[in-house]
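# What the coordinates show
These are the residues of each chain, in order.
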Amino acid sequence: MSRIPKYPVTVKENRPGLSNTRNMTRTIGGSLSETDKKNLLLNHTRPMRSASVNVAPAPRIKRSATVPSTSVSEVPNKIAKVEKKTTAVAPRIAPYDYKARFNDLLEKHKAIKNELSELKDKHVEVSDEYEKVKETVEGSIAERDMLKEKLLNTLKDLRQKSVEYESLKIDHEIKKQENEELLSKANLLEDVTNSLKLKSVEFDRLKMEFDDLSRRHKSLSEETEALRVLTDHLKRISVEHDKLQLDHKDALDIIKKTKTDSDALQNILAAMYTDQRALRNTVQDLKGNIRVYCRVRPPLESEASKPLYNLNVLDACSIEVEKIELLNSARKGKSQHSFTFDGIFTPHSTQEDVFAEVSQMVQSALDGYNVCIFAYGQTGSGKTYTMEGGCGVEQYGIIPRAINMIFTCMDDLKRMGWDLTIKASFLEIYNEIIYDLLNSCKDQVIHEIKMMNSKGTDLYVSNLKEEEVKSSHDFIRLMLFAQRNRQTAATINNERSSRSHSVAQIRITAVNEKRKEKFTSNLNLVDLAGSESGKTTQRMDETKHINRSLSELAKVILSLQTNQSHIPYRNSKLTHLLMPSLGGNSKTLMLVNINQFDECFGETLNSLRFATKVNSCRTTKAKKNLTQLVDF
């Protein structure tokens, strides 16, 4: 069995541990008596006068001999426990019992082996504790050296302070004498100060009185100056007032004279406006209540390769179309057809040129007459473009230009005393059913055409949404909403063909409070669906209804032309709705739109022939819808 090594004991070094270093200063101060402290101060602060002076040495500071209990006490205890285990006496075994002796040796060997393992573990623990104690001792030594150095510095400072104390003591005696002198002087000054305080109080009182008088004087001076300025100002105002009274008297005379002249001019202007309206109506009557214009659509860039028939504009009102037949066809040679209308718009005519002729009809609506403008022609001939137009102000059609003209003229009418209200509605006739274009619901209520009076000259559509518009922008917004709800489809001749008859109704109500007059006029702007041959169509049901309504329109025109007693207005929703425009109290303008393509020659002839029939109709003279207001 190996021997247990003995470790050095740290008690012999007598070094203070970490627990003692914290209370080092307290231990030094507590171990000295009052006499020893005085001797220590005298020895370090009293100057050395001779070598023969006996100086009592400072008592030795007792160092703490304690170390952490884990470093000294635990090791001997553990060793004692080991020794007690080894000195235990085992029971005696007989000499001849080798097996028991062998087993006893095995047990001892096992016990010694276990003790060896425990001692190794304890050796490791003791080594770790030794290292910790060693580090603690080294720290305590360093702290002791630092405290020693601080003590030496403190003693040095104490000597210096003692010297200073003696000098200050002498100075204190000197200052004490000076203070006694100053105290006597202070008593004298206190008496003087008391007398000065009394004088100061009296001075402050006088100063306050003086300041009060100064403020009152300044206030009175300012009031005096203000009164003087106000007096001068009142004098000037009095002079100006007298002058203004004279000017006011002259102005009243001028206003009275001007008002008289203004009333006279207003009467003259109203008379001129009345005469102007009468003259315009006379011109319209001379031109006819039903006027027909023809517009030729120019080919698009994508249609440049299509063959064209000959189209000659003879004059401002006459047009001639001609198609050369092939030699192998049934008809050989040339076929010429001439037509005369109220005006011809060539392919070079702009939207502005078209509206320049149509604007007279819009002016009639502003004068109080019912007006109807509708576009007729084959599908793809430009009817919707003529009525509604395209993007941009220059491409505006008749409908947006008409509403712009109405709101432009409204300002002039307001200056003449007329107060106008504009209401708009949009509808379409699709497959002989009336739909409200301002209502986006698929399931709409039934709309019927009804008479407004017993004479049957005016009609209206029931359950139709009508909105008041305050500006042209509001109307165009409604028109765009109606365009999205309108029925359109692609055909052979047009990618976006209108498959219904669209009607934009503008109701104008004007009231003149001064003249006690009121009129209501209707401006109907109709975009008819395009006529199309049944052989080329892809939507037979729509085409049948469109061609049927247009055929009924032709029958109505023929009946009007031949002055028949019965006019079949009610055979179609379209003719029933246009009844006031075709044979009633209305001014009507028709725009027939045609193409110049060779394949559309047959439909072009049909459109021109139908327009000629419409142009030959003579209807009754339209009357102004003017009423007098009794109580307004």
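In short, a report on the structure. (Residues numbered from 1 in each chain as written. Predicted model: local features only at pLDDT ≥ 70, side-chain atom pairs only at ≥ 80, totals over all residues. Heavy atoms only, no water.)

## Section: the pairing of strand S14 (residues 501-512)
Heads up, the rule is: Residue exposure (1.4 Å probe, protein chains only): buried if accessible area is under 20% of the type maximum, exposed if over 50%, otherwise partly exposed. Elements are defined by DSSP. Helices are runs of H or I of four residues or more, strands are runs of E of two residues or more, and each kind is numbered from the N terminus. Only strands joined by at least two bridges in the DSSP assignment are considered to pair.
Most of S14 sits out of view: 10 of its 12 residues are buried. Taken together, the 12 bridges between strand S7 (residues 418-430) and S14 define a ladder with antiparallel strand orientation. Bridge assignment links Ile429 to a residue of S14, and that residue is His501. Judged from the 11 bridges that link them, S14 and strand S15 (residues 517-527) form a sheet pairing that is antiparallel. Paired with Thr509 across the bridge in S15 is Thr520. Joining the antiparallel neighbours S14 and S15 is a turn of 4 residues, in which Lys516 adopts a positive phi near 60°.

## With respect to the pattern of salt bridges
As a reminder of what qualifies: A side-chain nitrogen of Lys or Arg and a carboxyl oxygen of Asp or Glu constitute a salt bridge if their distance falls within 4 Å.
Under the defined criterion, the tally for this structure stands at 18 salt bridges. With its nearest N and O atoms 3.5 Å apart, the salt bridge here joins Asp232 to Arg228. With a gap of 4 residues between them, Asp232 and Arg228 both fall in helix H6 (residues 98-287), about one helical turn apart. Given the relative accessible area of 43%, Arg228 is considered partly exposed.

## Concerning the side chain of Ser381
Using the following cut-off: We call two N or O atoms a polar contact when they sit within 3.5 Å, provided that within protein one can donate a hydrogen and the other can accept it, with sequence-adjacent residues counted only if both atoms are side-chain atoms. Contacts were defined at the residue level, with two residues in contact if any of their heavy atoms lie within 4.5 Å.
Residue position: Ser381 is located in the loop between strand S6 (371-377) and helix H8 (383-387). Engagement of the side chain of Ser381 in a polar contact is seen with the backbone oxygen of Asn593, the distance being 3.4 Å. Apart from residues lying up to four places away in sequence, Ser381 is in contact with Arg297, Asn593, Ile594 and Asn595.

## Quick word on the nonpolar core
To be explicit about the condition: Remark: nonpolar core denotes a set of buried residues (Ala, Val, Leu, Ile, Met, Phe, Trp, Tyr, Cys) joined through side-chain atoms within 4.5 Å.
Formed by 48 residues in total, the largest nonpolar core has its most connected members in Ile319, Phe341, Met590 and Ile594. Sequence-distant contacts of Met590, that is, excluding residues within four places in its chain, are made with Arg291, Val292, Tyr293, Phe374, Tyr376, Phe610, Ala611 and Val614. One finds Leu366, Met405, Trp418 and Met479 within the second-largest nonpolar core, a separate group that totals 46 residues.

## Examining a negative patch on the surface
Rules: Only residues whose relative accessible area exceeds 30% and that form no salt bridge are eligible for patches; like-charged ones are grouped when within 9 Å, while nonpolar side chains (Val, Leu, Ile, Met, Phe, Trp, Tyr) are grouped when within 5 Å. Reported accessibility uses the Shrake-Rupley method at a 1.4 Å probe radius. Residues are deemed covered only where the shown protein chains occlude them. Positive charges come from Lys and Arg, negative ones from Asp and Glu, while His and the chain ends are left out of the count. Note that the charge is assigned to NZ on lysines, CZ on arginines, CG on aspartates and CD on glutamates.
Side chains of Asp128, Glu131, Glu135 and Glu138 sit close together on the surface and give a patch of like negative charge. In this fold, Glu135 is placed in helix H6.

## Points about the packing of helix H7 (residues 351-366) against helix H9 (residues 398-415)
Heads up, the condition is: Note on definitions: angles span 0 to 180 degrees between N-to-C directions of axes, and those axes are lines fitted to C-alpha atoms, for helices only across the stretch in contact. Small angles under 35 degrees read as roughly parallel and large ones over 145 as roughly antiparallel, with 65 to 115 read as roughly perpendicular and the rest as oblique. By definition, any crossing whose near helix is turned counterclockwise from its far helix by less than a right angle is left-handed, and any crossing with a clockwise turn is right-handed. All residues other than Ala, Val, Leu, Ile, Met, Phe, Trp, Tyr, Cys, Pro, Asp, Glu, Lys and Arg, Gly among them, are scored as polar; the first ten of these are nonpolar and the last four charged.
Orientation of H7 relative to H9, taken along the N-to-C sense of each, is 50°, at an axis distance of 10 Å. Viewed along their axes, H7 and H9 adopt a mutual orientation that is oblique. Seen from above, H7 lies across H9 with right-handed handedness. Note on element contacts: H9 touches H7 through Ile398, Arg401, Ala402, Met405, Ile406, Cys409 and Leu413, opposite Gln351, Glu352, Val354, Phe355, Val358, Ser359, Val362, Gln363 and Leu366. Of the residues belonging to the contact of H7 with H9, the class tally is 11 nonpolar, 3 polar and 2 charged.

## Overview of helix H11 (residues 540-561)
Note the threshold: Multiplying one less than the number of residues by 1.5 Å gives the expected span of a helix.
For H11, which comprises 22 residues, the first-to-last C-alpha distance of 31 Å matches the rise-based estimate of 32 Å (1.5 Å per residue) to within 8%. Within the span of H11, buried status applies to Glu542, Thr543, Ile546, Ser549, Leu550, Glu552, Leu553, Val556, Ile557, Ser559 and Leu560. Immediately beyond the C-terminal end of H11, within one or two residues, lies Asn563, with a positive phi of roughly 55°.

From the geometry alone we can't say anything about function, so treat these as descriptive.
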